[in-house]
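What follows is each chain in one-letter form.
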Amino acid sequence: MIRRIIVLSVTLAMAAAAPSFGQREATIKDVPEIPFSAVSNLKLPQGEYLGEAIGVATNSKGHIFVYHRSAQTRLFEFDRAGNFVKEIGSGYYGFEFAHSVRVDKDDNIWTVDEGTNMITKFSPDGKVLMVLGSRPPAVLGAQPFPAGPNQPAKKYIFCRPTDVGWDPEGNIFVSDGYCNNRVVKYDKDGRFLAQAGSEKPGKALGEFNLPHGLQVDDQGNAWVADRGNNRYQILDNDLKPFREITNLGTAWTVCISQGLHRYVFFSNSNPNGNMPGTWDTTGEIYKAELDGTVVGKFGQAGKLAPEFQVVHMIDCRNPNELVVGEIESWRVQKLIFQPPSVKPVTITKGKAQ
Amino acid sequence: MTRTNGSVRVLFFAMWMTGSALIAQNLAPEIEFDSVANPLQLPPGLYLGEVGGVASDSRGDLFVYTRTGHPTISIGTSRPFAHGGSRLFEFDRNGKFIGEIGKNSYGFMVASQVRVDRDDNIWVVDEMTDMVIEFDPHGRVAMLLGRKAENVSVPARPARGGDGAGQPTDLFDRPTDVAWDSAGNIFVADGLGNCRVAKFDKNGKFVASWGKRGKAEGEFASVRGIAVDADGNVYVADGGNRRIQVFDNDGNFKTAFNNIGNAQAICMTNRPDQVLYVSNSNPSDDIDQDGEIYKMGLDGTILGKFGRAGKLLKEFGTVNAIDCRGRNTLYVGEIGNLRVQKLILH
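Residues numbered from 1 in each chain as written. Chains lettered and ligands numbered in written order. Predicted model: local features only at pLDDT ≥ 70, side-chain atom pairs only at ≥ 80, totals over all residues.

K.L.:
Whenever I open this one, the overall build of chain B confuses me. Can you help?
P.N.:
The helix and strand tally for chain B stands at two helices and 28 strands. A compact globule built from 346 residues would reach a C-alpha radius of gyration of about 20 Å, and chain B, at 19 Å, matches this within 12%. The C-alpha extent of chain B, read off along each of the three principal axes, is 65 × 45 × 40 Å. Looking at chain B as a whole, 49% of its 346 residues qualify as buried. (Helix = DSSP H or I, 4+ residues; strand = E, 2+ residues; numbered from the N terminus. Rg over C-alpha atoms; globule rule 2.2 N^0.38 Å. Buried ≥ 20, exposed ≤ 12 C-beta atoms within 10 Å, placed from the backbone.)

Shown next as structure tokens:
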């Protein structure tokens, strides 16, 4: 009897320690495996280390940018062969806790930092061109973790923002974030235009529960990884939702490729804090057409390359050469694919709106 | 340079007398201006954060006091200690980087302001160490006012003295600015916590203090900036009450200018024909209101205005500092856009 009570309390303790956003196995069936090979070839200068490889992105020359949580949050640039080129933003005010890096069509580098609530546009040579959001003032001292409901969302202030993207006109889209639950649209000069969602989490279309990743396609639609709701939402250019995808597990991050034939990649990353068995059901990345037709999947959870230990971000500028950043393995892998020859499979589409 | 004709001046004066602040703002003539692209060349690996202060010396060298990061809190024996967070950079008149002053200084945490006196000493005001630090032109510490708190509280307690009581001591609580009269007396804007002006003689001896939090004449919602004219009158930017208050050299209230919005940054040109530049700084969470800078006569006449809030050149993100040694060539330091703009007024 005593033994049984102990077992029960251990179970309760584990349940309490589980991450607040649970992980879900994808419900899509019969998705073909896409074969790939992986290389981890980033050459760091002597004495330098990557921390959690939270953000990865490439520019038009194939250079790789890694925004990572080292002792400080830092942004490194490598060439396409993996040679270290330079560091950007060393000691910069807007860097505290990395969340995303993206490169726009002009090769400007944008960082999203959830420790400063700042999004920064750097020129290709590393100069600050524009900042969005602002950092809470240090002079007020270390603030206690906020209790109670989220504060009302403000036009120009983020709350642990997660990602950034642009439409063809250069309008800026931000997913915001851990303590707001919205997508915000600014014009190219940084002026507020619209938002979907609010500070409050919600389940309806157009509401979010931890919008964790975002990309904008060439039609100007915003694809949002709505992580806490285990779905992707697709919003039109005015942020009206018109589609959701609900059968790909938990929505950690989304990437849309470039080129004539564009693909979209979705990651059902295995969670931080794994239960026995989680590795068997999560950790894969899906490849789909922009109409939602899934063409295949690849990868699995695990510590050893080419396995993934919590994929946080995918760069898919070239859909046959992905760059993937992982949280818990402090690693960036380049995944190389043969041009696809698998037969497409139609997925269950979400509710149309 | 835009000049206002006499009749318009009279009209503005009449509106100021009748309190038609909004009309005065809207009727103020627009001053044409340009912003010089890339006015400062930072070496690779060096970045400006929020710019608390920008000031030039008599050679045209430029000093920028900037919040390059948040202070680091380390775990001490029984109390947490805070270090770093702000740096003071020097550039030449062409914007070429010269060097850094006060690197790793005990007194640098949250940049509030930098000013250069008539002898080219560089004065730094820090809002978190609560210190005013005078460096000589060689960058050596010449005089210190105030004292940094030994430790910080984690999590933060309400700021010490932050009730705006106007404590008449020689310690500060979130000071924001410093200025001098022609006798060398020192006036400290103190500031956001204590809401008063502190006066010291040229040797740093504390001699007077006036003001506390409030709305009445001689009271402040916040003491954001300070300037002293050739006659020793003291102009205090009382942004929270959306006014500038003018005092004589001993702190007796003389008048107030109520028509320039959230007066945050203030600069007075050198004599003769002194004018004031005052920023109606936008709040840090909104670029869709305020942001313009006013040019004023010392009688409160608005001579013109320029700019608006925003992120592009010629737009401003919460201006915290104006340097007007050049009279029509201004340097403007911004909190929101992490930059200094060099403005040419036409």
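The structure having been displayed, the exposition proceeds.
K.L.:
What is the right way to read the overall build of chain A from this model?
P.N.:
Secondary structure assignment for chain A yields two helices and 24 strands. The buried share of chain A, taken over its 353 residues, is 47%. Summarising the internal contacts of chain A: among those between residues at least 6 apart in sequence, 50% fall at separations of at least 24. (Contact = placed C-beta atoms within 7 Å.)

K.L.:
How should I be thinking about the interface of chain A and chain B in this particular structure?
P.N.:
Put simply, an interface is often sized by how much accessible area is lost when its parts join up. Residue-level contacts link 24 residues of chain A with 31 residues of chain B. Residue composition of the side of chain A that touches chain B, by class: 12 nonpolar, eight polar and four charged. (Nonpolar A, V, L, I, M, F, W, Y, C, P; charged D, E, K, R; others polar.)

K.L.:
Quick question: what am I supposed to make of the sheet that holds strand β9 (residues 128-132) of chain A here?
P.N.:
Two strands in a sheet stick together by hydrogen bonds in their backbones, pointing the same way (parallel) or opposite ways (antiparallel). Residue and element names in this part refer to chain A. The antiparallel open sheet is built from four strands, whose spatial order is β6-β7-β8-β9. Two strands lie at the open edges of the sheet, namely β6 (98-103) and β9, each paired on one side alone. Strand-to-strand, the axes of this sheet are offset by a mean angle of 15°, without reference to chain direction. For strand β7 (residues 109-113) and strand β8 (residues 118-122), the ladder comprises five bridges, and the chain directions are antiparallel. Across the sheet, T111 pairs through a bridge with T120, a residue of β8. (Pairing = 2+ DSSP bridges. Axes fitted to C-alpha atoms, helices over the stretch in contact; angles between N-to-C directions.)

K.L.:
When you look at unusual backbone geometry in this model, what are you seeing that I'm missing?
P.N.:
One can expect most non-glycine residues to show negative phi and most peptide bonds to be in trans. A cis amide bond, omega 5°, links A305 of chain A with the succeeding residue P306 of chain A. Locating P306 of chain A in the fold gives a position in the loop between β21 (294-298) and β22 (311-318). With an omega of -10°, the peptide bond running from V154 of chain B to P155 of chain B counts as cis. The backbone of R242 of chain B shows a phi angle near 55°, a positive value even though the residue is not glycine. Here K314 of chain B, not a glycine, exhibits a phi torsion of approximately 70°, which is positive. By secondary structure assignment, the location of K314 of chain B is in the loop between β24 (308-309) and β25 (315-316). Taking the C-beta count within 10 Å as the criterion, K314 of chain B has 13 such neighbours and is therefore assigned partly exposed.

K.L.:
What should I look at first to understand the nonpolar core in this one?
P.N.:
One recurring pattern in soluble globular proteins is that nonpolar side chains are buried together. Membership of the largest hydrophobic core comes to 172 residues, with the highest contact counts inside it found for V56, F65, V183 and F266 of chain A together with V236, V278 and I322 of chain B. Counting residues per element, this core draws most heavily on strand β20 (residues 263-268) of chain B, at five residues. (Core = buried A, V, L, I, M, F, W, Y, C linked by C-beta atoms within 7 Å.)

K.L.:
Looking at this structure, I do not really get the sheet that holds strand β19 (residues 263-267) of chain A. What am I missing?
P.N.:
All names here are of chain A. Across the sheet, which stays open at both edges, the four strands sit in the order β18-β19-β20-β21 with antiparallel pairing between neighbours. In the strand order of this sheet, the two ends are held by β18 (253-256) and β21, each with one partner. Geometrically, the sheet is characterised by an average inter-axis angle of 20° between neighbouring strands, direction not taken into account. Direction of pairing for β18 relative to β19: antiparallel, over a ladder of four bridges. Of the residues in β19, the one forming a bridge with I256 is V264.

K.L.:
Quick question: what am I supposed to make of the pairing of strand β8 (residues 111-116) of chain B here?
P.N.:
Both faces of the sheet carry side chains from a regular strand, because those side chains alternate between them. Residue and element names in this part refer to chain B. Within β8, six of the six residues are buried, which leaves the element mostly enclosed by the surrounding structure. For β8 and strand β9 (residues 122-126), the ladder comprises five bridges, and the chain directions are antiparallel. Within β9, the residue paired with V114 across the bridge is V124. Counted between consecutive antiparallel strands, the loop separating β8 from β9 contains five residues, among which D120 sits at a positive phi close to 70°.

K.L.:
How should I be thinking about the confidence of the model for chain B in this particular structure?
P.N.:
Residue and element names in this part refer to chain B. Per-residue confidence for chain B gives a mean pLDDT of 92, with 91% of residues at or over 70. Confidence over residues 1-8 falls short of pLDDT 50; this stretch has 11 contacts with residues more than four positions distant or in other chains. A low-confidence stretch, residues 10-21 (pLDDT under 50), is modelled with 13 contacts involving residues beyond four sequence positions or located in other chains. For this predicted complex, the interface confidence score (ipTM) comes to 0.89, while the overall pTM stands at 0.90. (pLDDT = per-residue confidence, 0-100.)

K.L.:
How should the confidence of the model for chain A be read in this particular structure?
P.N.:
Any region with low pLDDT has predicted coordinates that should not be read closely. Considering every residue of chain A, the mean pLDDT works out to 91; 90% of them sit at 70 or more. In this model residues 1-20 of chain A is a low-confidence stretch, pLDDT under 50, and it forms four contacts with partners more than four residues away in sequence or in other chains.

K.L.:
Where do I start with the environment of D315 of chain A in this structure?
P.N.:
With respect to the helices and strands, D315 of chain A occurs in strand β22. Separated by 50 residues in sequence, D315 of chain A and F265 of chain A place their C-alpha atoms 9.2 Å apart.

K.L.:
Even after reading the chapter, I still don't get the environment of F265 of chain A, so can you show me in this structure?
P.N.:
All names here are of chain A. Within the secondary structure layout, F265 lies in strand β19. With 23 C-beta atoms packed within 10 Å, F265 lands in the buried category. Setting aside anything within four residues of it in sequence, one finds F265 in contact with C255, I285, Y286, K287, I314 and C316.

K.L.:
What exactly am I supposed to notice about the environment of Y186 of chain A here?
P.N.:
Residue and element names in this part refer to chain A. Within the secondary structure layout, Y186 lies in strand β12 (residues 181-186). Looking at Y186, the number of C-beta atoms within 10 Å reads 24, which means it is buried. Separated by 54 residues in the primary sequence, Y186 and L132 have C-alpha atoms spaced 9.6 Å apart. Discounting residues that sit within four places of it in the chain, Y186 has contacts with L132, N171, I172, R191, F192 and L193.

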